[in-house]
Amino acid sequence: SADVTAGQAMQRVLLTATVEGLTASFLSQLIEVERAREELRRLIGAPRGPQAVLRIGRGWPVPATPRRSVEDLLLHTTPETV
């Protein structure tokens, strides 16, 4: 379907940006606020409003987000508990 194809295209854009060392963020206000969405639709000459807007560029380095260890996430089971 068109939704699946659009999702795959978005995935490709986001992964390609990452490989190129770029950052991407969604600009949700442009599509959540009806007046802004309509103005954007008019500016791009589309029959329907946009479904997503991305900002892609180079950002400032930031520290990695702390992650829990894999050991904290695993459930240990024994044959008796299965």
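Notes on the structure in this doc start here. (Residues numbered from 1 in each chain as written. Predicted model: local features only at pLDDT ≥ 70, side-chain atom pairs only at ≥ 80, totals over all residues. Heavy atoms only, no water.)

## Focus on the layout of surface pockets
If you roll a probe as big as a water molecule over the atoms, it shows you where there is empty space left.
Then, in step 1: The space that makes up the largest pocket amounts to roughly 250 Å³.
Then, in step 2: Around the largest pocket sit Ala2, Asp3, Ala6, Met10, Arg48, Gln51, Ala52, Val53 and Leu54, which together line it.
Then, in step 3: Sorting elements by how many residues they give to the lining of the largest pocket places helix H1 (residues 2-19) first, with four residues.
Then, in step 4: When its residues are assigned to classes, the lining of the largest pocket shows six nonpolar, one polar and two charged. (1 Å grid on protein atoms, 1.4 Å probe; cavity = no way out; pocket = protein on both sides within 12 Å on 5 of 7 lines; lining within 4 Å. Points joined across faces, edges and corners; volume = space filled by probe spheres on them. Helix = DSSP H or I, 4+ residues; strand = E, 2+ residues; numbered from the N terminus. Nonpolar A, V, L, I, M, F, W, Y, C, P; charged D, E, K, R; others polar.)

## As for the environment of Pro50
Then, in step 1: Looking at where Pro50 falls in the secondary structure, it is placed in the loop between helix H3 (34-44) and strand S2 (54-57).
Then, in step 2: The spatial distance from the C-alpha of Pro50 to the C-alpha of Leu40 is 7.6 Å, given a sequence separation of ten residues.
Then, in step 3: With sequence-adjacent residues up to four places away left out, Pro50 is seen in contact with Ile31, Arg37, Leu40 and Arg41. (Contact = heavy atoms within 4.5 Å.)

## Notes on the environment of Pro61
Then, in step 1: Assignment of secondary structure puts Pro61 in the loop between S2 and helix H4 (70-73).
Then, in step 2: For Pro61, a relative accessible area of 80% corresponds to the exposed category.
Then, in step 3: Between the C-alpha atom of Pro61 and that of Leu40, which follows or precedes it by 21 residues, the distance is 31 Å. (Buried < 20%, exposed > 50% of the residue type's maximum accessible area, 1.4 Å probe, protein only.)

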